[in-house]
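Working through the structure, step by step
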Amino acid sequence: MAITRDSTQDLDQIGKRVRILTGIESTEIDDTDLSELITMASEWFETQSGLTYTVNTEDAYDNAVVFYASYLGSIAQNGMGVENLKVGDLFVSFADEEPYKRFEQMALDALKT
């Protein structure tokens, strides 16, 4: 299998990458809402970096937006999380760290490159 790099990055490609990383289908978060999440991630990038985000100018910037949009998408799909759940005699305690919190850290790391 030959692996090729798609060097033409656009907002649709950003959305595809978010869907691949998160496993979120278009039936769960439609393209309009995903576009809004990508806009929010772009705004986050600009606030964090002090730069204006333009897709396909720097791979690390695109990755930061993809990772943060993945973080936001995970929150949108799953909520902020529940620490403890009690139903009758059943008590479940969840881990303190959200598994998709890693997307936020990856976004921050991408900004440092």
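All of these numbers come straight from a predicted model, not from anything done at the bench.

Moving on, we get to unusual backbone geometry. One non-glycine residue, N56, adopts positive backbone phi at about 70°. By the element assignment, N56 lies in the loop between α2 (31-49) and α3 (59-78). Owing to a relative accessible area of 35%, N56 belongs among the partly exposed residues under this scheme.

What follows is about the nonpolar core. By size, the foremost hydrophobic cluster in this structure holds 23 residues, and its most contacted members are V65 and Y68. Of all the elements in the fold, those that place two or more residues in this core are α1 (11-22), α2, α3 and α4 (101-112). Considering each element in turn, this core owes the most residues, 9 residues, to α3. When neighbours within four sequence positions are excluded, Y68 is seen to be in contact with A41, W44, F103, E104 and A107.

With that out of the way, let us pick up the environment of A110. Along the polypeptide, A110 turns up in helix α4. In this structure, the C-alpha to C-alpha distance between A110 and A60, residues 50 residues apart in sequence, is 5.4 Å. Apart from residues no more than four positions distant in its own chain, A110 is found in contact with A60, N63 and A64.

The rules behind the values
Here the residue numbering is sequential within each chain, running from 1 through the sequence in written order. Per-residue local features are limited, in this predicted model, to residues with pLDDT of at least 70; the limit for side-chain atom pairs, both in listing and counting, is 80 or more; totals at the level of whole chains, interfaces and linings are taken over all residues. Only hydrogens and water are set aside when side-chain values are computed; all heavy atoms of the structure are taken into account. Helix numbering and strand numbering both begin at the N terminus, where a helix is a DSSP run of H or I of at least 4 residues and a strand a DSSP run of E of at least 2. Relative accessibility thresholds used throughout: buried, under 20% of the residue-type maximum; exposed, over 50%; partly exposed, between the two (1.4 Å probe, protein chains only). Among buried residues, those of type Ala, Val, Leu, Ile, Met, Phe, Trp, Tyr and Cys that are joined through side-chain atoms within 4.5 Å constitute a nonpolar core. The contact rule is simple, with two residues in contact once any of their heavy atoms fall within 4.5 Å.

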